[in-house]
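Structural features, examined
This is what each chain is made of:
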There are 2 protein chains.
Amino acid sequence: MEEVPEGLKQRGDGSKKSLDFEPLVVLEFSVNTKQEAIEWVISKLQASSESNGADLCVTAMVMQHNQGDSETVLFIGGSTDRLLLGAEMMDLMKVYKDGNHREFTINDITNFRGGEDADNFLTMAEKQMIIFRELQNIRATENDENVPGYEFIKLYTGRTIVKKLLSQDLIKNLFPIHDNEFLKKMGVEWYKQPFAQQPIDKIQHYFGQKIALYFAFLGFYTLALIPPAVIGLLYWLTSWQNLYREAIFAVFNLVWATIFLEAWKRYCAELAFKWGSVDLVSSRFEEPRANYHGRMGKNPVTGKPEPVFPKSQRVLRFYGVTVPVLCLCLTAAFYAMLGYFWFQAIVDKWYLEDKGWLNLLNTFMPTVVYAIVIAILNAIYRKIATILNEFENHRLQTSYDNHMIMKLILFEFINCFISLFYVAFYLQDMKLLKSHLAALLITTQIVGQIQESIIPFLLHSRRAKKLDKAMKKFDELQKVEFYNGEISEDMQKQSSVESTMDVYEGTLNDYLEMFLQFGYVFLFSSVFPLAAVWALLNNVTEIRSDAFKMCRVFQRPFAESASNIGAWQAAFEVISVMAVMTNCALIGMNPEIQKLLPTDITPVNMVIIFVIVEHILLAVKIGIAYFIPDVPKWVDVELARIAYQSKLALQKEQIERAAVTKKNKMTTI
Amino acid sequence: MEEVPEGLKQRGDGSKKSLDFEPLVVLEFSVNTKQEAIEWVISKLQASSESNGADLCVTAMVMQHNQGDSETVLFIGGSTDRLLLGAEMMDLMKVYKDGNHREFTINDITNFRGGEDADNFLTMAEKQMIIFRELQNIRATENDENVPGYEFIKLYTGRTIVKKLLSQDLIKNLFPIHDNEFLKKMGVEWYKQPFAQQPIDKIQHYFGQKIALYFAFLGFYTLALIPPAVIGLLYWLTSWQNLYREAIFAVFNLVWATIFLEAWKRYCAELAFKWGSVDLVSSRFEEPRANYHGRMGKNPVTGKPEPVFPKSQRVLRFYGVTVPVLCLCLTAAFYAMLGYFWFQAIVDKWYLEDKGWLNLLNTFMPTVVYAIVIAILNAIYRKIATILNEFENHRLQTSYDNHMIMKLILFEFINCFISLFYVAFYLQDMKLLKSHLAALLITTQIVGQIQESIIPFLLHSRRAKKLDKAMKKFDELQKVEFYNGEISEDMQKQSSVESTMDVYEGTLNDYLEMFLQFGYVFLFSSVFPLAAVWALLNNVTEIRSDAFKMCRVFQRPFAESASNIGAWQAAFEVISVMAVMTNCALIGMNPEIQKLLPTDITPVNMVIIFVIVEHILLAVKIGIAYFIPDVPKWVDVELARIAYQSKLALQKEQIERAAVTKKNKMTTI
């Protein structure tokens, strides 16, 4: 075990040479991963593109521990030329000399801003993103039947290798390293000032567009909560009683939610334009996601080789497998909810019959049991949903994400909202609805705050211990050897520290939290106007605690580009439409309001009146959405200008090519 | 009066020279239009573009009648080069050698299909469209204060002259001439075979995309009426009685209407792609409509000079003038409807009190009076709507059309549907609803058929007389003189014949008819299932009579390009959404259905049940619309491929330009 790996020796040229590239990404193998496998991975990383490699620079640090364990950490980087080539391959958008974003091409680099200094032309996040993409693009060839040294880990031609190794736990950690200097500067503006504007552009620069858009949305949504919160608070403080009070608040909220969602779309379009991530044309020539697999064919649009997976098969998988499985899960969640109310009714009856302390305690039982059941179901469902989503084999990352979002939303909707619908429209118990809603909202937020702010804070000591342990392990090292150049001690320490950090699971859960909160605030706002106040309080701290976590608690995530918040926009819009229906129904069911109607009104007229009111509100909503353009005018003009230039260029190029062909013909004659 | 116009003499070079251009468009001045005005127009037509002229070829035919009247007819054409330049200026789409449509450019002509033969490269309809556009682009310069000879006809710099002359009746007629050979061939396929497929591509070739899309839509919609008509007929024949009968039919219709509208969108996208009229990019660099006016400025996207009219002013005009005036008109129509029902109630009461024949006759009075009032209101409203729409000064033809459509739809909706809503939901008299609906639908169709098929047929004799008169006038001529070449006798006759033909008013009325019919069939289908049968019968003849009129009754209209049916798509979709609401309400109000519900059901539960059913149906509708893509996949791929090529070309062009700049710099050093 203490021998130096043969392959590394051959490749490495002494351990005292300093690095000739900037290490950007850390890949940590599990303890005692077999040497053949490590060597095989390194060869794949270093091999040229022609031989299906990633053509990257790698240095390996092999640590032999006293206990005899050996650990290998790879530091990965790339030559400037390699990274620029990667940027071109992935159609990275960079700022052109005319101030617009254009797809980067190496030949044209001098015309891009900052293109004179090729080494620093790409940002650190971009370089890391490029390396990540290249890592994912290492696919098994026909010669790779299994991972060397692990016969049971089978490989399939065309599938990505890194993902396989991660899922088989041969790779323990794969993360881009943090830029502590930048983090410190950004932190001052971001989480150290609770009421300052977030440094969205810096966040985009460091974490990429997807995460920056989440924080932009969170900030925007929090601002938008202020008016409903103020009104809700006024209502509560003045206890201003009025028959129309609920109705006024509900209508205000519905209009406000629509304006908010439309205004966000505009703001988002502006950000996307500023960051160069706005989609000009069809996504048909977007590159497929790394894990997309299928028979190798070529893209019908670009003609580039890529895996082909027939749509019919995806549809078959979706309707044949996903839909039935989801239905089963949703039904289970629904029955759990019914069981909860049935159980609650029983214990309530017990308590009424015998008001002993045991029975009082028992009345809390169903809630506890339900919470546990939901947590278990949730954990199972997420696993299932991920497997199903992977199985559907979506071509684009965006459609993969959107399908995942939809799956989670469906389930959370059943978990969180169906019980409210049940109370409101089946039991028709407004008092229970109010208390149930308040309980759900407030407990969700408190639990969330504990999970997100207090636990990380408490865990700080645990992390410190973990870190200590990591450092001690360092000291216990029998020997550390480097291959392909030596890593500085600072970098060694930094990578050890960051490898103990938590992994950021993506924006999914963060959005989901906001989505549920939005539902609680707007779906039943006529019953519980104070909801917006609670939500606002929560979000003000949420922004800063999320920011802190991003900078200090999590490993740096790989940047991802995004031009909008994807399926979340639709999800929020669906809630805002449902809110019209629920609030109309709630107000219609309000006995106070019903008293206002003539006493001789027939049920038929009741139906007609409420249907009309609801549809007028829906029409107002659609009208607002229609009259607020999704894209600000200046962005629209800029996009049109770019499209126009591209059109002119195409024409010019055609004419020139035609002229050349003609000339050639002439000379032949 | 019998003198030969001086200016013409100078310009004309003898009257016996034959034409050196193909006459394509006929411009007929009113009798005794002053010579100065005619000369001025001719000079504008002939002047070069630099001197704000149209640079077209014109020959004038001056007819002196015995009574001393003089009439001038201009025959307008253009040189091949001039027409090709016009095609390039208007971004005409033509088929490239690779089979795709591209914007035509003269320099690249050899790479377009048919480009070897420049004279016949453009179709007749295209040439006429180009000439029409150039005519409209003749704008008053700063020197043109009024029309020469007519001091009271003031001109404003930047406004089109031809429109002014048309509105002042100095120009009596302006039309492109028919191609009788092509018409004959097309007629055989089109209106002489009642059940054959329409020759849509030929129609597009001859009449342009806008009219072709109307006929494609009419055919598609007629086919789509078959299933509801068959079911309606079965219901009527078998008198199959079932509690759910109406509900089943209504649900089928709602789903079917959605599928039809979605399928049409796909078919329409396919046609637009085939004809090269599909919009690839923003309309911001589309050319403004000819009558768009404003301070001269430049387009923010293309940089080309064009009139600029601030959006704020348009919004002000819309909300400050259009909206109040429209509201007034709609209110008037609404009160007319109320008056009708009030009047009807009175005469019905009279008849009940005294069943005399006079009172029986009186019961028909309100309907007659209402019909007359509506006809008058309608005529006034159309004038107002046109003026308002012109006043709003829309930049693009499409947005002008769409606003006009919306204005007309609003009014017709009040006229035609509000009375049905009133009967259904205010009077709640299902029997009256059915008879009222049947009466409206059937009388509308019969009146329409008479107007469209029988009157034109009867008028044929009147037209023959008119023609005779025109011919006689020809014989009475004292002398005919030509300037700039002689017109063949055939052409003289053809232009005289066509100048007596009716002017086609555009597709607006034709679509409106279909729109109202669609409303009658689907809005209340659960009450009157036979509606679809009537509609189907009507449309089968409608297609052929419309086709006949297009070919034989009307002057040839100028071709217009279009990529979809514009606001009509939205209008039909709105009706299909409203149909969900009305049908749910109708079924809910059905006493048969109400008997099915538990007798102890509360009004509150009634509300809930019907709201739920309606929303489920709406959700199904949205689901169907979502799952049927608007554009067929092959069109999508083709469009993406074109966009991709354009992107690559842009990159290439940039790089080449950069290389040239570099080289130049090097040589300077």
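Residues numbered from 1 in each chain as written. Chains lettered and ligands numbered in written order. Predicted model: local features only at pLDDT ≥ 70, side-chain atom pairs only at ≥ 80, totals over all residues. Heavy atoms only, no water.

1. Some details on the domain arrangement of chain A
All names here are of chain A. Counted only if it meets this: Where a domain begins and ends is set by an automatic assignment or by a domain database. A contact between two residues is defined here by any heavy atoms of the two lying within 4.5 Å. By buried area we mean the combined loss of accessible area, with a 1.4 Å probe, across both parts when two parts are placed together. Contacts described as polar in this section are N or O atom pairs within 3.5 Å, which, within protein, must combine one atom able to donate a hydrogen with one able to accept it, while residues neighboring in sequence count only if both atoms come from side chains. Counting from the N terminus, the helices are DSSP H or I runs at least four residues long and the strands are E runs at least two residues long.
Per the domain assignment, the segments of chain A are domain 1 (6-176), domain 2 (184-309 + 393-631) and domain 3 (641-669). If you look at the interface, domain 1 gives 47 residues, while domain 2 gives 38 residues. Of all residues in domain 1, Gln64, Phe175 and Pro176 give up the largest surface area on contact with domain 2, accounting jointly for 13% of the area buried on that side. Joining domain 1 to domain 2, the criterion identifies 4 residue pairs in polar contact (both at pLDDT 80 or more). Listing elements by their share of the side of domain 1 that touches domain 2, those giving two or more residues are α1 (6-11), β1 (25-29), β2 (57-64), β3 (70-77), α4 (124-136) and β8 (171-176).

2. A word on the nonpolar core
Spelled out, the test is: By convention a nonpolar core is built from buried Ala, Val, Leu, Ile, Met, Phe, Trp, Tyr and Cys residues, the set being connected through side-chain atoms within 4.5 Å. Think of it in three bands: residues with accessible area under 20% of the maximum for their type are buried, residues over 50% are exposed, and the middle band is partly exposed, with areas taken using a 1.4 Å probe on protein chains only.
Counting 107 residues, the largest nonpolar core has Phe417(B), Phe515(B), Phe524(B) and Trp568(B) as the members making the most contacts within it. The greatest single-element share of this core, amounting to 16 residues, is contributed by helix α14 (residues 397-427) of chain B. Sequence-distant contacts of Trp568(B), defined by excluding residues within four places in its chain, comprise Ile405(B), Ile409(B), Leu508(B), Tyr511(B), Leu512(B) and Phe515(B). Formed by 105 residues, the second largest nonpolar core is a distinct cluster that contains Leu326(A), Leu388(A), Met550(A) and Ala562(A).

3. Re helix α13 (residues 365-392) of chain B
Residue and element names in this part refer to chain B. Put simply, the rule is: What a helix is expected to span follows from its residue count: subtract one and scale by 1.5 Å.
With 28 residues, α13 extends 40 Å between its outermost C-alpha atoms, agreeing within 8% with the 40 Å of an ideal straight helix rising 1.5 Å per residue. Three or more residues of α13 are buried, namely Pro366, Tyr370, Ile374, Asn378, Tyr381, Ala385, Leu388, Asn389 and Glu392. Lining the buried residues of α13 we find α11 (311-353), α12 (357-362) and α14. Once α13 finishes, Asn393 follows within two positions and takes phi at roughly 55 degrees, a positive value.

4. Details of the sheet that holds strand β11 (residues 479-483) of chain B
Residue and element names in this part refer to chain B. Defined as follows: The rule for pairing is simple: two strands pair if DSSP sees at least two bridges between them. Lines are fitted to the C-alpha atoms to define the axes, a helix being fitted only along its stretch in contact, and any angle between axes, read from their N-to-C directions, falls within 0 to 180 degrees.
Across the sheet, which stays open at both edges, the 5 strands sit in the order β8-β1-β3-β2-β11 with antiparallel pairing between neighbours. The strands lining the two open edges of the sheet, one partner per strand, are β8 (171-176) and β11. Taking the axes of each pair of neighbouring strands and ignoring which way they run, one obtains an average angle of 15 degrees across the sheet. Here 5 bridges tie strand β1 (residues 25-29) to β8, and the two strands are oriented antiparallel to one another. Within β8, the position partnered with Val26 by the bridge is Phe175. Against the sheet, helix α16 (residues 489-499) makes contact with β1, β2 (57-64), β3 (70-77), β8 and β11, and its axis sits at roughly 115 degrees relative to β8, the strand it touches most.

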